[in-house]
Number of protein chains: 2
Amino acid sequence: MTTRVGIFGYGNLGRGIECAVNAAADMELVAVFTRRDPKALKIATAGVTVASVNDVASYKDKIDVMILCGGSATDLPKQTPELAKLFNVIDSFDTHAKIPEHFKNVDENAKANSHIALISAGWDPGMFSLNRLYANCVLPNGKDYTFWGKGVSQGHSDAIRRIKGVKDARQYTCPVQAALDAVRSGSNPELTTRQKHTRLCYVVLEDGADAAYVENEIKTMPNYFADYDTTVNFISQEELNKNHAGIPHGGFVIRSGATGVNNEHKHIIEYSLKLDSNPEFTASVIVAYTRAIARLHKEGVNGCKTVFDIAPAYLSPLSGEELRKNML
Amino acid sequence: MTTRVGIFGYGNLGRGIECAVNAAADMELVAVFTRRDPKALKIATAGVTVASVNDVASYKDKIDVMILCGGSATDLPKQTPELAKLFNVIDSFDTHAKIPEHFKNVDENAKANSHIALISAGWDPGMFSLNRLYANCVLPNGKDYTFWGKGVSQGHSDAIRRIKGVKDARQYTCPVQAALDAVRSGSNPELTTRQKHTRLCYVVLEDGADAAYVENEIKTMPNYFADYDTTVNFISQEELNKNHAGIPHGGFVIRSGATGVNNEHKHIIEYSLKLDSNPEFTASVIVAYTRAIARLHKEGVNGCKTVFDIAPAYLSPLSGEELRKNML
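Conventions we followed
- Residues numbered from 1 in each chain as written.
- Chains lettered and ligands numbered in written order.
- Predicted model: local features only at pLDDT ≥ 70, side-chain atom pairs only at ≥ 80, totals over all residues.
- Heavy atoms only, no water.
- Least-squares fit on C-alpha atoms with pLDDT ≥ 70 in both.
- Contact = heavy atoms within 4.5 Å.
- Phe/Tyr/Trp six-rings, centres within 6.5 Å; stacked < 30°, edge-to-face > 60°.
- Helix = DSSP H or I, 4+ residues; strand = E, 2+ residues; numbered from the N terminus.
- Buried < 20%, exposed > 50% of the residue type's maximum accessible area, 1.4 Å probe, protein only.
- Lys NZ or Arg CZ within 6 Å of the ring centre and 35° of its normal.
- Pairing = 2+ DSSP bridges.
- Axes fitted to C-alpha atoms, helices over the stretch in contact; angles between N-to-C directions.
- Buried area = accessible area lost by both parts, 1.4 Å probe.
- Salt bridge = Lys/Arg side-chain N within 4 Å of Asp/Glu carboxyl O.
- Polar contact = N/O pair within 3.5 Å; in protein donor to acceptor, adjacent residues only side chain to side chain.
- Nonpolar A, V, L, I, M, F, W, Y, C, P; charged D, E, K, R; others polar.
- Parallel < 35°, antiparallel > 145°, perpendicular 65-115°, else oblique.

## Some thoughts on the relation of the copies chain B and chain A
With an axial shift of 0.0 Å and an RMSD of 0.1 Å, the rotation relating chain B to chain A amounts to 180 degrees. Here the symmetry operator amounts to a two-fold rotation axis. Ranked by how close their C-alpha atoms come to the rotation axis, the residues of chain B are headed by Ala311(B), at 1.9 Å. Looking at chain B, 100% of its interface residues are interface residues in chain A too, so the copies touch through the same face.

## Here we look at the packing of aromatic side chains
Counted according to the given criterion, the structure contains 11 aromatic pairs over all chains. With a centroid separation of 6.2 Å and 35 degrees between ring planes, the pair formed by Phe8(B) and Phe33(B) is classed as tilted. Residue Phe8(B) is found in strand E1 (residues 3–8), and its partner Phe33(B) is found in strand E2 (residues 27–34); the two are separated by 25 residues along the sequence. Judged by its relative accessible area of 7%, Phe8(B) is buried. Seen from their ring centres, Phe128(B) and Tyr271(B) are 6.1 Å apart, and the 80 degrees between their planes marks the pair as edge-to-face. Of this pair, Phe128(B) sits in helix H4 (residues 127–138) while Tyr271(B) sits in strand E13 (residues 265–275); the two residues are 143 residues apart in sequence, bridging distant segments of the chain. For Phe128(B), a relative accessible area of 0% corresponds to the buried category. The exposure class assigned to Tyr271(B) is buried, which follows from its relative accessible area of 3%. What links up through ring pairs into an aromatic cluster is the set Phe8(A), Phe33(A) and Tyr59(A). Taking NZ or CZ as reference, Arg15(A) lies 5.8 Å from the ring centre of Tyr10(A), over its face. Over the aromatic face of Tyr59(A) sits the side chain of Lys62(A), whose NZ or CZ is 5.1 Å from the ring centroid.

## Structural notes on the sheet that holds strand E8 (residues 151–152) of chain B
All names here are of chain B. Taking strand neighbours across the sheet as the criterion, the 4 strands line up as E8-E9-E10-E11 in an open arrangement whose pairing is mixed. At either end of the open sheet lies a strand with only one pairing partner, and these are E8 and strand E11 (229–234). As judged from the 9 bridges shared by strand E9 (residues 166–175) and strand E10 (residues 197–205), these two strands associate in the antiparallel manner. Within E10, the position partnered with tyrosine 172 by the bridge is leucine 200. Against the sheet, helix H5 (residues 154–161) contacts E8, E9 and E10, and its axis sits at roughly 145 degrees relative to E9.

## Focus on the interface of chain B and chain A
Across the boundary between the two partners, chain B contributes 58 residues, which contact 58 residues of chain A. Each partner contributes to the roughly 5,200 Å² buried at the junction of chain B and chain A, and carbon and sulfur atoms together form 67% of this total. Applying the counting criterion to the chain B and chain A interface returns 0 salt bridges. Run the count over chain B and chain A and you get 21 residue pairs in polar contact (both at pLDDT 80 or more). Of all elements in the fold, only helix H3 (99–112), H4, E13, helix H10 (278–298) and helix H11 (320–326) of chain B reach the threshold of two or more residues within the side of chain B that touches chain A. In terms of residue count, E13(B) provides more of the side of chain B that touches chain A than any other element does, 11 residues in total. The residue makeup of the side of chain B that touches chain A, split by class, is 32 nonpolar, 14 polar and 12 charged. The sheet contact formed by strand E13 (residues 265–275) of chain A and E13(B) spans 9 bridges and is antiparallel. Directly across from Ile268(A), in E13(B), lies its bridge partner Lys274(B).

## Section: the packing of helix H4 (residues 127–138) of chain A against H4(B)
Direction vectors running N to C along H4(A) and H4(B) enclose 170 degrees, while the axes themselves pass 13 Å from each other. With respect to H4(B), the element H4(A) is oriented roughly antiparallel. Contacts from Met127(A), Leu130(A), Asn131(A), Tyr134(A) and Val138(A) of H4(A) reach H4(B) at Met127(B), Leu130(B), Asn131(B), Tyr134(B) and Val138(B). Along the lines of polarity and charge, the residues of the contact of H4(A) with H4(B) split into 8 nonpolar, 2 polar and no charged.

## Notes on the pairing of E9(B)
Residue and element names in this part refer to chain B. With respect to burial, E9 is a largely interior element, 9 of its 10 residues being buried. Note: E8 against E9, 2 bridges, orientation antiparallel. Along E9, the bridge assignment pairs glycine 151 with threonine 173.

## Digging into the environment of Glu28(B)
All names here are of chain B. Structurally, glutamate 28 is set in strand E2. By relative accessible area, glutamate 28 is classed as partly exposed at 40%. Along the sequence, glutamate 28 and glycine 6 sit 22 residues apart, while their C-alpha atoms lie 8.8 Å from each other. Setting aside anything within four residues of it in sequence, one finds glutamate 28 in contact with Thr2, Thr3, Arg4, Val5 and Val21.

## Focus on the side chain of Asp107(B)
Residues and elements named next belong to chain B. As for its placement among the helices and strands, aspartate 107 is situated in helix H3. Here aspartate 107 falls in the buried class, since its relative accessible area comes to 13%. There is a polar contact of 2.7 Å between the side chain of aspartate 107 and the backbone nitrogen of cysteine 304.

## A look at the sheet that holds strand E4 (residues 65–68) of chain A
Residues and elements named next belong to chain A. If you trace the 7 strands from one edge of the open sheet to the other, you get E3-E2-E1-E4-E5-E6-E14, paired in parallel fashion. The open sheet has two edge strands, strand E3 (49–52) and strand E14 (303–305), and neither has a second partner. Direction aside, the axes of adjacent strands within the sheet are offset by 25 degrees on average. Across 3 bridges, the pairing between strand E6 (residues 116–118) and E14 is parallel. Its bridge partner being in E14, isoleucine 116 is matched across the sheet by glycine 303. Set on the sheet, helix H2 (residues 75–83) makes contact with strand E1 (3–8), E4 and strand E5 (88–90); between it and E4 the angle comes to about 175 degrees. Packed on one face of the sheet, helix H3 (residues 99–112) meets E6 and E14 and runs near 140 degrees to E14.

This is how it looks when you write it as structure tokens:
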């Protein structure tokens, strides 16, 4: 079975999806939809249609799953419920606090139109969520820890760029090694925000800008930096472009728990990711779940799902027999 | 919903199941079945029936899921298919090469009697299998590595004990740090058996035994030790009892893969376990899947399953709404 895929939005994530779909023998990229002038958009794959988002309805019967690649702040809360009327849809909505509301909106429209939808695919939410869930079920008596990084935070980089005198910036979130070690020891420490992560900033100043002012503005910024130990390095645009052009990320989900008549046996479950490209890895997760929902839709399953609701075998192109033989 | 559970076999695993079931608010331990004289078997939980395996059929309507705690060599290949005629069943069958045959035998009897069964729950097979599957689906272009330890191998300890002059022994399987580091670097090394694991043995000799003979017999034993760098330490029974009484284990599942137009971005997915008690952790996994199959049976699902076939949400006592709010 070939799954016919559409990409809705062509930024970093959309390009990652394009790569991952092209690498999958059982998927076919039908069209990329853009808000820009379709004629002006050049995509990586030869022979694939580039269409305007305004024409998406005409692809209703040509696409099995539409993959939404917009942002969680303003795009996805509108687009995913809207497109769920026309297509099976999948997104990477990552505003954790608003997931219940987003789920409800998508679920209603998907069910009303006999479509399946999957929201919040990626790695956090996504693979990290799965690992939190499995580890909690297996070790009910325990404590969860999630660490992020070392990796680029786009939101924090943007916040620095809004400061007067800043030309460009890149912010890395870094887990604190001592905190990781303490968690892995099984001592179940209580950790403050400051103890878990540090923030490392590379900043390019505009000509004549006041470095001391910029550094103070960064380090005292509420929510973003004030609660963290923050290091600010001023570098040239050339150096930023040369050494900080990538979008690496990763992190750790650890559960530390105990079993036994008197909880005398300790156990550590740890899942970690070390990613050269955050958007390409996110895209790879989404494409695996695209395969899953295409199959489930053929089985007649409708409504909104998350990674929690999908049996892992649905992600694989291999048969149950092959999986049991080679991976169990 | 309360799941009524039976334990079939009361060794290390059975005792671990008893602990895990007692810790679960939604489970009730109904009876423990033994091949020994039930009157002679004292279990940890007050007020729970101890019955003979010969009387198991009379519990047909009193138990929702029977948890099989026998060994994979001779017990489970017979017991799981047989008991699947009477009950929903779950086991931790771990002879990887014979899983397809075991699956078929269990599936036929479970389906013919409208029962659900789940085989090969635990951590390998089990949690490690899940992580191999997820990582393969997310990074199709990559390479898998599984390391075990540091942990006690019962089979290798037994093999040492069969050597003439050996009174007692404990064998630890240890991953080689340099191999782990090479895998984590993303270099996708080809590793031989010797390069991945070492074997560490603690041996108690009988009075007058020939230490050099025993050491040579261990180090040259085909399949078990000949392909590994093996260290043999002779210690007293007291020291063995004091320092090597536990059954720790663990290991690492790592997938190293690449994405991008030219596979230019590398990614490492790593899952690891560090377990004080191998049987209690195995039991904890089994009990989570016991909850899952009890629910699926209520939904009318029959036949043999593995961890690959179970959506993760079924493992949790929490509702879908709670899971989306707190763990996604």
